[in-house]
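What the coordinates show
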Amino acid sequence: MDTIDLKILKALQQDARLTHQDLSDLVGLSPTPCARRIRKLEQDGMITGYTAQIDEKKAGFGFSVFVSVQLDQQVDDRLQDFEAEVRRFPEIVDCWLMTGRFDYLVRVAVHDLNEFERFLTGRLNKVAGIASLESAIPIRRVKNAATRLE
């Protein structure tokens, strides 16, 4: 990967809908070599996909909760089972395997506190192997940035 590839990645992070012409103008290449580089970045797994960023509040999911999850055992089967369950819950929008006191940190996006309570008591608490849960409600997001490229 060279400086042109980095320029392409940074530009696509800002606006993945750029045309090949507009992108090539930004990075100083003609459209065909620019398109080849994009294809190679995709094939190499550097670009993993293209998505639209959705405003969760405007979509009706203005209530986020971070939940720290501790499993009763940290063994492969238990981790795999928990992760499979998490993938089934649309309310869980982020999930990280962690070091430290808790095994996982998940972010739940729901309409309101009542929906979170129903999700927590009716679904998440019923996942086998959970020893403890700790919830934290964020007040406001301070920073939301794309992956740092240099």
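Parameters and conventions
- Residues numbered from 1 in each chain as written.
- Predicted model: local features only at pLDDT ≥ 70, side-chain atom pairs only at ≥ 80, totals over all residues.
- Heavy atoms only, no water.
- Salt bridge = Lys/Arg side-chain N within 4 Å of Asp/Glu carboxyl O.
- Buried < 20%, exposed > 50% of the residue type's maximum accessible area, 1.4 Å probe, protein only.
- Helix = DSSP H or I, 4+ residues; strand = E, 2+ residues; numbered from the N terminus.
- Pairing = 2+ DSSP bridges.
- Arc of directions from axis to C-beta.
- Contact = heavy atoms within 4.5 Å.
- Polar contact = N/O pair within 3.5 Å; in protein donor to acceptor, adjacent residues only side chain to side chain.

Some words on the pattern of salt bridges
Evaluation of the coordinates by the stated rule reveals 10 salt bridges. Here Lys40 and Asp44 are joined by a salt bridge, their closest N and O atoms 2.8 Å apart. Members of the salt-bridge network, linked through shared partners, are Asp2, Asp5 and Arg37.

A few points about the pairing of strand 1 (residues 63–71)
By the criterion of burial, strand 1 is predominantly enclosed, with seven of the nine residues buried. Across seven bridges, the pairing between strand 1 and strand 3 (residues 104–110) is antiparallel. Opposite Phe66, over in strand 3, you have Arg107 as the bridge partner. Judged from the six bridges that link them, strand 1 and strand 4 (residues 130–136) form a sheet pairing that is antiparallel. The residue bridging Phe66 from the neighbouring strand is Ala136, located in strand 4.

Overview of helix 5 (residues 113–122)
Residue pairs spaced three or four apart in an α-helix point in one direction, given the helix's 3.6 residues per turn. All of the buried residues along helix 5 are Glu115, Phe116, Phe119 and Leu120. Buried residues in helix 5, looked at end-on, bunch into an arc of 130 degrees, giving them a common side. On its buried side, helix 5 packs onto strand 1, strand 2 (92–97), strand 3 and strand 4. Looking at where helix 5 begins, the residue whose side-chain oxygen comes 3.2 Å from the main-chain nitrogen of Asn114 is Asp112.

Comments concerning the pairing of strand 3
Among the seven residues in strand 3, six count as buried, and that is most of the element. Two elements, strand 2 and strand 3, share five bridges in a ladder whose sense is antiparallel. The residue of strand 3 that forms the bridge with Trp96 is Leu105. Between the antiparallel neighbours strand 2 and strand 3 lie six residues, among them Gly100 with a positive phi of about 100 degrees.

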